[in-house]
Amino acid sequence: MDEQIVTLDQAMQMAIDEAYKGAAQVSPNPKVGCVILNSKGQLISKGHHKKFGGPHAEIEALQNLKHEDLIEAHVIVTLEPCAHQGKTPSCAKKLASLPIKKVTYGLMDPNPLVAGQGHQILSDAGIEVEIYRGDLTEALENVCEEFLVNFREKRIFVAMKVAQSIDGQVALSNGVSQWITGPESRMHVQKIRSYYDAVLVGYETIIKDNPSLNIRLADINKENWAVILTNQKLSEDLKVFQVRPHEKVLTVSGDLKLVLQSLYDKGLRSILVEGGAFTFSEFLRQGLVDRMHVFTAPVIMGQGKSWSQSLSYPNLEIAPRAKKIDTQVFGPDIYTSFKLK
Ligand code: AOF
Ligand code: ZN
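Treat the numbers as computed from the prediction; the structure is a model and nothing was measured.

What counts as what
Residues numbered from 1 in each chain as written. Chains lettered and ligands numbered in written order. Predicted model: local features only at pLDDT ≥ 70, side-chain atom pairs only at ≥ 80, totals over all residues. Heavy atoms only, no water. Donors = N, O, S within 2.8 Å, 3.2 Å for Na, K, Ca; no water. Tetrahedral: all angles 85-135°; square planar, octahedral: opposite > 155°, others 65-115°. Helix = DSSP H or I, 4+ residues; strand = E, 2+ residues; numbered from the N terminus. 1 Å grid on protein atoms, 1.4 Å probe; cavity = no way out; pocket = protein on both sides within 12 Å on 5 of 7 lines; lining within 4 Å. Points joined across faces, edges and corners; volume = space filled by probe spheres on them. Nonpolar A, V, L, I, M, F, W, Y, C, P; charged D, E, K, R; others polar. Salt bridge = Lys/Arg side-chain N within 4 Å of Asp/Glu carboxyl O. Buried < 20%, exposed > 50% of the residue type's maximum accessible area, 1.4 Å probe, protein only. Contact = heavy atoms within 4.5 Å. Near = heavy atom within 4 Å. Polar contact = N/O pair within 3.5 Å; in protein donor to acceptor, adjacent residues only side chain to side chain. Areas by Shrake-Rupley, 256 points an atom, 1.4 Å probe, with all protein chains shown as cover. Pairing = 2+ DSSP bridges. Axes fitted to C-alpha atoms, helices over the stretch in contact; angles between N-to-C directions.

Draft legend 1. Highlighting the coordination of the zinc ion (ligand 2). Every protein donor of the zinc ion (ligand 2) is listed here as H56 (ND1), C82 (SG) and C91 (SG), and their distances to the metal cover 2.0 to 2.2 Å. One can describe the donor arrangement at the zinc ion (ligand 2) as tetrahedral, given that its four donor atoms subtend angles of 99 to 117 degrees at the metal. Expressed as a motif, the donor residue spacing for the zinc ion (ligand 2) is H-x25-C-x8-C. Of this pair, H56 sits in the loop between β2 (43–48) and α2 (57–62) while C82 sits in the loop between β3 (74–79) and α3 (91–96), and the two are 26 residues apart along the sequence.

In structure tokens form, the structure reads like this:
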């Protein structure tokens, strides 16, 4: 592909970028990317896990490579190669059968069927194997954050998307919220929706805005769940029912922690909370949010509804502070994504 020598950090960054390409289709599996360098340290292949049930990243990267290309090669992968036969054969066993020299992986796989055993298979085969210890560890955790929370904590991953005015409002006092952010931001919201299994909104939002909550992107074919927080029966004329099979619309109510547990038990592995103000602030007040996606529009809305309305702190030391902030610009809006846990 390229004559240039690639450093380990560059290779791992490329593997991370590869992994994200599978974001919309791999759940409940992790996003995983893989890069292969030849014996001279030159890039010869890249691959990622594209789809749940499909080949793993390592197998994708190995496609089209010949035995001789792999002599003394270095395989760089974001997650420990799997030890087990799942929907597909073991990647660690496949790598162990090749003439490669070394495998560097980003994180240990928390799946008990793998955890350390993939590493063992490779080292037993005489392949040099190391866990990556560079500056990209945080980025590696981010890339498969949903999967890590699912396996480490046995719970659903919770993200929240807020479209706010520059003075922190998500609606006027009469409830009007369309549209605070511009079309560029709203297009990116579609992409963010595609990362998660479901979108959740409160009762007021579903009735007032009548949103579809689906993913409308030409290159992504994914049917997400819609979860509505209410104990009322909803009219099937609502758009949310029109755009997806009825069984993919769930109505839930009661204690939010129990709601999240019931969604996890149903097989959902990640959810995006999209409003409104009361729903946002209750999820936050109860400390249930792992990641926030905030779009800030250059408009001053004055007194209205704020997404943090039910939060209150006696001092700044205990106020939740964003970790690992990523900022981008979409049209006139500023987008920030950060972790709260
Ligand atoms: C890898 N590379 O690209 C991924 C891995 O049922 P399967 O066959 O799809 O296996 C799913 C498990 O494999 C998943 O829970 C995780 O432990 C691991 N994912 N491993 O070597 C990959 N996606
Ligand atoms: Zn695998």
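More follows now that the structure is in view.
Draft legend 2. Focus on the layout of surface pockets. Approximately 1200 Å³ is the volume found for the largest pocket. Mapped by element, the contributors of at least two residues to the lining of the largest pocket are β6 (157–165), β7 (169–172), α7 (183–195), β8 (198–202), α8 (203–209) and α11 (277–285). Each residue belonging to the lining of the largest pocket can be placed in one class, and the counts come to 17 nonpolar, 17 polar and eleven charged. Size it by volume and the second largest pocket reaches roughly 650 Å³. Y20, A23, K31, K191 and Y195 are the residues nearest the centre of the second largest pocket, which is lined by 30 residues in total. Listed by contribution, the elements that provide at least two residues to the lining of the second largest pocket are α1 (8–20), α5 (137–143), α6 (145–153), α7, β12 (291–297), β14 (323–330) and β15 (333–339).

Draft legend 3. Spotlight on the pattern of salt bridges. Per the stated rule, a full pass over the model turns up 15 salt bridges. The salt bridge involving E18 is made with K21; its shortest N-O contact spans 2.5 Å. Since its relative accessible area comes to 6%, E18 is described here as buried. Residue R285 is joined to E282 by a salt bridge in which the shortest nitrogen-to-oxygen separation is 2.8 Å.

Draft legend 4. Structural view of the side chain of E60. As for its position among the elements, E60 is in helix α2. Excluding anything up to four places from it in sequence, E60 contacts K46, G47, H48, K50 and P55.

Draft legend 5. Inspection of the site of ligand 1 at higher detail. Near ligand 1 you find 19 residues, and of these A57, E58, C82, K87 and D109 are the closest. Measuring from an oxygen atom of ligand 1, one finds a backbone N or O atom of K87 at 2.8 Å. A distance of 2.9 Å is found between an oxygen atom of ligand 1 and a side-chain nitrogen or oxygen belonging to N111. Contact with the protein chains hides 95% of the accessible area of ligand 1, taken as 510 Å² for the molecule alone. Within the shell around ligand 1, the residues separate by chemical class into eight nonpolar, seven polar and four charged.

Draft legend 6. Focus on the sheet that holds β3. Taken together, five strands build an open sheet; the order of strands is β2-β1-β3-β4-β5 and the sheet is mixed. This sheet does not close on itself; its edge strands, each paired only once, are β2 and β5 (128–131). Averaged over all pairs of adjacent strands, the angle between strand axes in this sheet comes to 15 degrees, irrespective of strand direction. Alignment of strand β1 (residues 33–37) against β2, held across five bridges, turns out to be antiparallel. Bridging from a neighbouring strand, C34 pairs with G47 of β2.

Remember, this is a structural readout, not a statement about activity or role.
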